[in-house]
Amino acid sequence: MNTTDRTPADLLRSALAADPARPLVTFYDDATGERVELSVATFANWVAKTANYLQGDLAAEPGDRLALLLPAHWQTAVWLLACSSVGVVADVGGDPAAADTVVSGPDTLEEARACPGERVALALRPLGGRFPQPPQGFADYAVEVPSQGDRFAPYTPVAPQDPALAVDGRELTGAEVVAAALADAAERGLSEGSRLLSGLPYDGWAGLSAGLLAPLAAGGSVVLCRNLDRLDADGLNRREESERVTHRAV
């Protein structure tokens, strides 16, 4: 990171300037056999498109609350950084009824219907596939986002002291998120080029940090694994070897 990085979106901009071609998120789903690798540039492109969708089509504004009802997944990581880019508070596992916008996976659609505002659904299918039949009352992320612009500029600059993330019953500013991610990176011994395999869920700070924020802050990358419990010890060892894993959070 640079000394000027004060928000999660700043961390991504610095990573993009430093080495856009290096891997940032490598995602596995051991229930489906899916593997997706996103370079810094590809990940940043998804973040820009999602932020444009959030700010433009969904009319989200800084300070708005977005209930994020998604598992550990590369698209969840994209939404976290898109929210930071716009200035929207990402409320992880938050109450949809108290949110301006809800983003839901296929398993939480009924819960998400309580949101009085905009509702977006992700099928979480391999290769970012769309729903065979869009859920009623929801926009399909896979349909809406690909056509969005590849560059993003917020209507209102996002300040480090603005609220950015609600998780584990507390609300963090952008600066606090960055500081906590840097502290976690140091505690784990992460540095530039580190590759952290995480099997932790995205339901609390520990999973968000290991599964994205700490590696990003350190100049490293993450091997993000969903349904890792379906992989035996030998399979895990082979994955760590093939993915050149240097650290583990499982």
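What counts and how
- Residues numbered from 1 in each chain as written.
- Predicted model: local features only at pLDDT ≥ 70, side-chain atom pairs only at ≥ 80, totals over all residues.
- Heavy atoms only, no water.
- Helix = DSSP H or I, 4+ residues; strand = E, 2+ residues; numbered from the N terminus.
- Rg over C-alpha atoms; globule rule 2.2 N^0.38 Å.
- Buried < 20%, exposed > 50% of the residue type's maximum accessible area, 1.4 Å probe, protein only.
- Contact = heavy atoms within 4.5 Å.
- Pairing = 2+ DSSP bridges.
- Axes fitted to C-alpha atoms, helices over the stretch in contact; angles between N-to-C directions.
- Core = buried A, V, L, I, M, F, W, Y, C linked by side-chain atoms within 4.5 Å.

**Student:** Any chance you could explain the overall build of the chain here in plain terms?
**Tutor:** Scanning the chain from N- to C-terminus turns up 8 helices and 12 strands. Taken over C-alpha atoms, the radius of gyration comes to 17 Å for the chain, in line with the 18 Å a tight globule of 250 residues would show. Along the longest, intermediate and shortest principal axes, the C-alpha atoms of the chain span 45 × 40 × 35 Å. With 250 residues in all, the chain has 56% of them scored as buried. The contacts in the chain between residues at least 6 apart in sequence include a share of 67% that link residues at least 24 apart.

**Student:** Looking at this model, I keep getting lost on unusual backbone geometry. Mind explaining?
**Tutor:** Excluding glycine, most residues fall at negative phi; most peptide bonds, likewise, are trans. A positive phi angle is found at Asp-168, which is not glycine, with a value near 55°. For Asp-168, the position within the fold is in the loop between β8 (163-167) and β9 (170-173). Overall, the relative accessible area of 51% leaves Asp-168 in the exposed class. We note that Arg-244 has phi near 55°; this positive angle belongs to a residue other than glycine. Residue position: Arg-244 is located in the loop between α8 (233-242) and β12 (247-249). For Arg-244, a relative accessible area of 55% puts it in the exposed group.

**Student:** Looking at this model, I keep getting lost on the sheet that holds β8. Mind explaining?
**Tutor:** For sheets, the rule is that strands pair by backbone hydrogen bonds, running either parallel or antiparallel. One open sheet holds the 7 strands; their spatial order is β7-β6-β5-β3-β4-β8-β9, and the pairing between them is mixed. Both outer strands of the open sheet, β7 (139-140) and β9, are each paired with one neighbouring strand and no more. Across the sheet, helix α6 (residues 174-188) is in contact with β8 and β9; its angle to β9 comes to roughly 95°. Where helix α7 (residues 205-218) meets the sheet, it contacts β4 (89-92), β8 and β9, and its direction lies at approximately 120° from that of β8.

**Student:** What am I meant to see in the nonpolar core here?
**Tutor:** The biggest cluster of nonpolar side chains holds 56 residues, and the ones touching the most others in it are Phe-43, Leu-54, Trp-79, Leu-80, Leu-165 and Leu-212. Considering each element in turn, this core owes the most residues, 9 residues, to helix α3 (residues 74-86). Residues within four places of Phe-43 in sequence aside, it is in contact with Leu-12, Leu-24, Val-25, Leu-38, Trp-74, Ala-77, Val-78, Leu-81 and Leu-212. Residues Val-102, Ala-112, Cys-115 and Ala-121 belong to the second largest nonpolar core, which totals 11 residues.

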